[in-house]
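Chains, contacts and geometry: an overview
Spelled out, the chains give:
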Amino acid sequence: CATRAHMMHRESQPLMGAAPRHGVFKSLAARKAAMILPALAAAALIAMVFLTGGRVERTALVAKTNSEMHVVKDHILYQDWRGTSLEAVDEFTFSHSWTGSVPVGEVEEEVVKPAELVISADRPIEKTYVEVSKQLTDDYNVQLDGQWNLPDAESLLETFEGLCATHSRAKGTPKENCHLNKLQTWRVVPEQQVDDISIKHNGDIVKVTADALKHATPRKATLGDSEGNVKSYRLEFAVLRVISDWGRKQSVINQVLRRRFGAQLDVDCGYTALTESTTLEDHGRFMEFKPPELLFMVEAWTLMPAHMHTVAGLKYVTRRQQGLNHPYYGSTTAVSWPENRDESYQEYMDYSFNQDGYTSRHLFVHEKSHFFWARHWDTQLKEDWEAVGDWAKNAQYSEDWMTPQTVEFSSDYGASNNPDEDIAECLSAYVLHPMRLQARAPKKHAFLRDQVAHGVQYVEEPSVLFAVENSDGYYRYPAAVKRLEIKVAGRPEDDKQVDVTMLVDVGQGWHSASHAEVQLSGPSGGRKTIKLETKEGAEPDAANLVAMTYHGVLSKHFEKGFWSASQIVVKDTLGNERWVKVDEYSWRLYLNNQAGTAWPPRYREKSMKLEAKWKEHKETGVKYPVLTAEMGVERTGAPLDLEGEPAWMRLAAKKSAKGGGMTQDEWQGYGASWTEY
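Just so it is clear, the structure is predicted and the values come from calculations on it, not from any experiment. (Residues numbered from 1 in each chain as written. Predicted model: local features only at pLDDT ≥ 70, side-chain atom pairs only at ≥ 80, totals over all residues. Heavy atoms only, no water.)

This part takes up the overall build of the protein chain. Of the regular secondary structure elements, the protein chain holds 15 helices and 31 strands. Summarising the internal contacts of the protein chain: among those between residues at least 6 apart in sequence, 66% fall at separations of at least 24. (Helix = DSSP H or I, 4+ residues; strand = E, 2+ residues; numbered from the N terminus. Contact = heavy atoms within 4.5 Å.)

In structure tokens form, the structure reads like this:
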């Protein structure tokens, strides 16, 4: 997703007066061709000056246009409503400065007060308690015991019916679909429990937290000015844990996926056929989801509005082998393929599940949104969403998107990419953390409510609350970026001194930023994150600007060329963030490295050795495993970081079908490679 920064290869296009890459931003370049060079000219030009090593004036650039030579001084890269970008270069230095305008209206978060939820009527129940209890026992092997009332018993029955009853996509009996082979006694208890439910006495007794039954059956209600029905899924998620043995019974989860979402875990067409037009891999690169991961999936998709439970094209949900990166996208979390075939798929990597349940649920909603964007939502809806986010693109380079907005997003990832990723991030927040989205991006929250969710709203009602007694809470966003200066100094054969100064405007009453982060991407790979910080006790100048700086040395082995950035993240001491999307005009950092390389170290074939030995703790006598790992690597580019962390290894456990450790054939069958690991 990194911004692709340069048009170095479009050699057939005239340099002088060429249109800027983001055509939606009207440039003065075409009207001042004699003085102004667009990004294309600068990129090609700087490369030419450095490569030839020719001696030129410090602020002069030499450009070739239509077989003529021009000398340009006071080089203006662009000048429009965003601001002005200047550049200068000589044999040993590169400098870039940008002066921009302050976004209007993005000053502070909305103060969101939870709307009052009022139950207006209970739903009439036609059955008696005896009838409900008998049906639970006959169909689902559930025996009620203790303080059950008719509404709660009816809620439990409806929950079982929704998960286990015979369905066109789950044709077994209820007991067959959910493996309900044993009679269990279900009781309601007042105390809080982990997951709202527990099993005791060898599975004979199930205890349900009373709070999980609240709103388990839809009831008429009002939420602020809206009228409708309110429903909670706490009871359903608790029941799902019991019938699936906390996700361990994959067949139970699979039939729930089939009946409710039209998706499945088993790739009956074969992995090679499924991935033929994408990554072309066999089953050895994939594995079964782990039990908690399956629960996260079902919970996330269940919480989405009912009309979004199924979507065209999404049939298979796959999980890559533990420890393996994606062959195209490296250490990403998940990838969706909504358009490569009629019955397509998603794939999730173990990075999806390395943090917490919220992050995993967020990803499942996010990835499903891509199928709606590609195959369901019409052009008008997508254009309306682009307008809400002020997204615009250059028709000639359709992969490039820009927006002047810097705060009205649910995450930095949505802010740094495009409308598709933006709506996927916002929809995840709308479903899982609606008040946060409403505070940061109220217009997007309203759009999703009315145009996407069809009026479905979400109420955050946590079981545990605490009060923060701040009479003067601070809601202001961090200061906006006003000016940026980048200087790189050093001979082609030396390390480079890099100095970055960013001026932020605190004159609008914004909270002064504590630091800013910029993730740089190399011309063909490689990453480097730099952090700009303010000096302790720094005060605004006469123009209400505060300086944030980075001073560092970048190795001469960093790849030669422009190191681009798609976003500047400005943070304050309260954790508030401003996400400034930048392009190759506003951020330009050139490394003229003669020894620059993008080649990583190469694994030495068949050098991997893993050895596990048991040791005994001297004092306690407890035995513990000690793992020794050894591998050989060959330098192909920069020297290895022998003093830091020259190598790290991800280990994945896999049981052998024959018991004990995996055989060589099994290891290779599960995706190991002599050359990649």
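The next point concerns the sheet that holds strand β9 (residues 197-200). Spatially, four strands are ordered β7-β8-β10-β9 in an open sheet, and the strand pairing comes out mixed. In the strand order of this sheet, the two ends are held by β7 (142-144) and β9, each with one partner. Neighbour-to-neighbour, the strand axes of this sheet turn through a mean angle of 30 degrees, independent of strand direction. Summarising the sheet, strand β8 (residues 184-189) and strand β10 (residues 205-209) pair through five bridges and their orientation is parallel. Considered in β10, the bridge of V189 is made with T209. Against the sheet, helix α3 (residues 150-164) contacts β7 and β8, and its axis sits at roughly 170 degrees relative to β7. Helix-sheet contacts for helix α5 (residues 234-243) involve β8, β9 and β10, and the interaxial angle to β9 is about 30 degrees. (Pairing = 2+ DSSP bridges. Axes fitted to C-alpha atoms, helices over the stretch in contact; angles between N-to-C directions.)

The next subject is unusual backbone geometry. Negative phi characterises most residues that are not glycine, and trans characterises most peptide bonds. The backbone phi angle of H179 is positive, close to 55 degrees, even though this residue is not glycine. In this structure, H179 sits in the loop between α4 (174-177) and β8. Taking the relative accessible area as the measure of exposure, H179 reaches 33% and is therefore partly exposed. Even without being glycine, N202 reaches a positive phi, approximately 60 degrees. (Buried < 20%, exposed > 50% of the residue type's maximum accessible area, 1.4 Å probe, protein only.)

Further remarks concern the environment of E154. Structurally, E154 can be placed in helix α3. Non-local contacts of E154, meaning those with residues more than four positions away in its chain, are made with R123, I125, K127 and V132.

You can see K368 is positioned in helix α9 (residues 357-375). Nearest to the buried, unbridged K368 among oppositely charged side chains is E236, at 12 Å. Apart from the residues lying within four places of it in its own chain, the contact partners of K368 are F261, W301, M304, M308, H309, T310, V311, L314 and Q346. (Lys, Arg positive; Asp, Glu negative; His and termini not counted. Salt bridge = Lys/Arg side-chain N within 4 Å of Asp/Glu carboxyl O.)

Before going further, it helps to spend a moment on the nonpolar core. L156, F160, W186, I243 and W301 are the most contacted members of the largest nonpolar core, which has 74 residues in total. Of all hydrophobic cores here, the second largest spans 33 residues; its members include F94, V506, Y550 and V582. (Core = buried A, V, L, I, M, F, W, Y, C linked by side-chain atoms within 4.5 Å.)

Now for the sheet that holds strand β6 (residues 117-121). One open sheet holds the three strands; their spatial order is β6-β11-β12, and the pairing between them is antiparallel. Each of the sheet's edge strands pairs with one partner strand only, and the pair in question is β6 and β12 (226-230). Here the strands of the sheet are splayed against their neighbours by 40 degrees on average, with no regard to which way each runs. In the sheet, strand β11 (residues 219-223) pairs with β12 via five bridges, with the strands oriented antiparallel. Across the sheet, L223 pairs through a bridge with S226, a residue of β12.

By the element assignment, S411 lies in the loop between β18 (397-402) and α11 (412-415). The exposure class of S411 is buried, given its relative accessible area of 12%. Side-chain polar atoms of S411 contact the side chain of E425, separated by 2.5 Å. In contact with S411, not counting residues within four places along its chain, are E425 and W579. (Polar contact = N/O pair within 3.5 Å; in protein donor to acceptor, adjacent residues only side chain to side chain.)

Listing the buried residues of helix α14 (residues 442-452) in full gives K444, H445, F447, L448 and V452. The buried residues of α14 all sit within an arc of 160 degrees when viewed along its axis, so they share a single face. Turning to α14, the residues buried within the fold contact α10 (379-388), α12 (419-432) and α13 (434-440). Among the residues trailing α14, H454 stands out with phi positive, at a value near 55 degrees. (Arc of directions from axis to C-beta.)

Honestly, that's just the spatial picture; any functional story needs more than this.
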